[in-house]
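# Residue-level structural notes
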Amino acid sequence: MRQATVYIDREALQYNLNRVKQLAPTAQIVSMVKANAYGHGVKDCLAALGETDAFGVACLEEALEIRELGYQQPITLIEGIFSEDEMQVVVENNIECVVHHQQQVDWLRRHKAAYIGKKLKVWVKLNSGMNRLGFKVPEIIEVINSLKAEGFTCVLAMHFANADADHPLNEQQKNQFLQVKEACAPVMGSCCNSAAIYKWPELHFDFVRPGIMLYGASPFADRSVHDLDLKPVMTFSAEIIALNHIQAGEHVGYGSTFTSDQEMDLAIVSIGYGDGYPRAFPKQNYVAIHGQATRVIGRVAMDMIAIDVTGMDAPLGTEVELWGKNRLVDDVAEANGTIGYELLCRLSARPLRK
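Note that this is a predicted model, so its numbers are computed, not measured. Numbering of residues begins from 1 in every chain and follows the order in which that chain's sequence is written. The model is predicted, so local features are restricted to residues of pLDDT at least 70 and side-chain atom pairs to those at 80 or more, both for listing and for counting; the totals for chains, interfaces and linings are taken over all residues. Hydrogens and waters are ignored; side-chain quantities use all the structure's heavy atoms.

### A look at the layout of surface pockets
Here is the rule we go by: A cavity here means a set of points on a 1 Å grid, drawn over the protein atoms and nothing else, where a 1.4 Å probe fits but cannot get out; a pocket is an open set with protein on both sides within 12 Å along at least five of seven lines, and a residue lines either one if it has an atom within 4 Å of a point. Grid points are joined across faces, edges and corners, and a volume is the space filled by probe spheres set on the points. Runs of E in the DSSP output that reach at least two residues are strands. Runs of H or I that reach at least four are helices, and both are numbered from the N terminus. Polar here means any residue outside two lists: the nonpolar Ala, Val, Leu, Ile, Met, Phe, Trp, Tyr, Cys and Pro, and the charged Asp, Glu, Lys and Arg; Gly therefore counts as polar.
Volume-wise, the largest pocket comes out at about 1,000 Å³. Forming the boundary of the largest pocket are 47 residues, of which Y38, H159, N193, I212 and Y341 lie nearest the centre. Elements with a minimum of two residues in the lining of the largest pocket: strand 2 (28–32), helix 2 (34–38), strand 6 (121–125), helix 10 (194–199), helix 11 (329–336) and helix 12 (340–345). When residues in the lining of the largest pocket are grouped by element, the largest group, four residues, is from helix 11. Counted by class, the lining of the largest pocket contains 25 nonpolar, 11 polar and 11 charged residues. Quantified by volume, the second largest pocket comes out at close to 200 Å³. F258, R279, A280, F281, K283, Q284, N285, V296, I297, G298, R299 and V300 together form the lining of the second largest pocket. Considered class by class, the residues forming the lining of the second largest pocket number six nonpolar, three polar and three charged.

This is the structure:
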């Protein structure tokens, strides 16, 4: 059997959840498990996240999967519902909604009795400068205060556009959030994603929303998971299926983009872009064998890559870590010109999962 494998370390996931608790001890934790738990597999991850206060997902289908698996914690639809007929399903399954435009507020009001009867919170989204979803000031103040007057319990929610960097928009977003929170007092608040949890403890308020940090990847370009005291949750690996010895001047792979300048031992590994391993690398990429880094050689193909094993103990069947505890997914992403989030989320269904 082809051994391209995704391993999920549930103890590492629990460790990272506890890390959030250490950083934000007074806030409730809404663990983001959208996009199949950032590619890790919801079913595999939920048990390790059993002590979270709530879950966050992008759509109703993701929320219902959590309910079908038997978990009863609050669930928040971070994009809200997409049509009014979803509201009845939301109420029946004790799922909370974000509202970010007037039509969603109208749908909510038409189901007011059932929604309030279930004691479900309404998350009202502030557009403070990211310009994706949400009400701007002063419209959101009117929306929140009118919903409160009707008996709804509201959470003022916002998302930072640049929490991972020093950017002038950060101060604008903070100030608008605090302005609205004061104008709507008393109201619960939530504005911290993974990066903001680290950067602004004074903004933790009632709910924090960790995502990538739970899975042991960094929300910062300049701080590794080791700097943040997080543990990688996913190890993506494959096995060596062939060995070649080449001479100086010989080429490797499609397009003959690599030409050896010396004798080399090559290993062929059963992984490729058909598994979700990235193809385009503007910078040199590496894998790890027994914790030792070694180069990827030539182009990534659909099902195979070549790696340099000159001087290494790497017989047929040797496990090669594509990313995990030794070769961090963030480092692979940086060599690929992207972010760890994307690599984790775009894995195909082909690798075996354990």
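Now, onward.
### What about the pattern of salt bridges?
The line we're drawing: What makes a salt bridge here is a side-chain nitrogen of Lys or Arg within 4 Å of a carboxyl oxygen of Asp or Glu, nothing more. Buried, partly exposed and exposed residues are distinguished by accessible area as a fraction of the type maximum, computed with a 1.4 Å probe on protein chains only: under 20%, between the cut-offs, and over 50%, respectively.
Overall, the coordinates contain 15 salt bridges when judged by the stated rule. E84 is paired through a salt bridge with R110; the nearest N and O atoms lie 2.9 Å apart. Residue E84 is found in the loop between strand 4 (75–77) and helix 5 (85–92), and its partner R110 is found in helix 6 (residues 102–110); the two are separated by 26 residues along the sequence. Here K283 and E334 are joined by a salt bridge, their closest N and O atoms 2.3 Å apart. A residue pair is termed long-range when its members are at least 10 positions apart, and K283 in the loop between strand 13 (264–269) and strand 14 (286–289) and E334 in helix 11 qualify at 51 residues. Here E334 falls in the partly exposed class, since its relative accessible area comes to 42%.

### Comments concerning the sheet that holds strand 9 (residues 207–208)
To be explicit about the condition: Two strands form a pair only when DSSP identifies at least two bridges running between them. Working rule for contacts: check all heavy atoms of both residues, and any pair within 4.5 Å makes them a contact. As a rule, the C-alpha atoms of each element are fitted with a line to give its axis, helices using only the stretch in contact, and angles between N-to-C directions run from 0 to 180 degrees.
Pairing within the open sheet is parallel, and its eight strands lie in the order 8-7-6-5-4-3-2-9. Each edge of the sheet is formed by a strand with only one pairing partner; in this case those strands are strand 8 (188–190) and strand 9. Bridge count for strand 4 against strand 5 (residues 95–99) is three bridges, and the pairing is parallel. Across the sheet, residue I75 finds its bridge partner in strand 5, namely I95. Packed on one face of the sheet, helix 8 (residues 139–149) meets strand 6 and strand 7 (153–157) and runs near 170° to strand 6.

Honestly, it's all geometry; don't read function into it.
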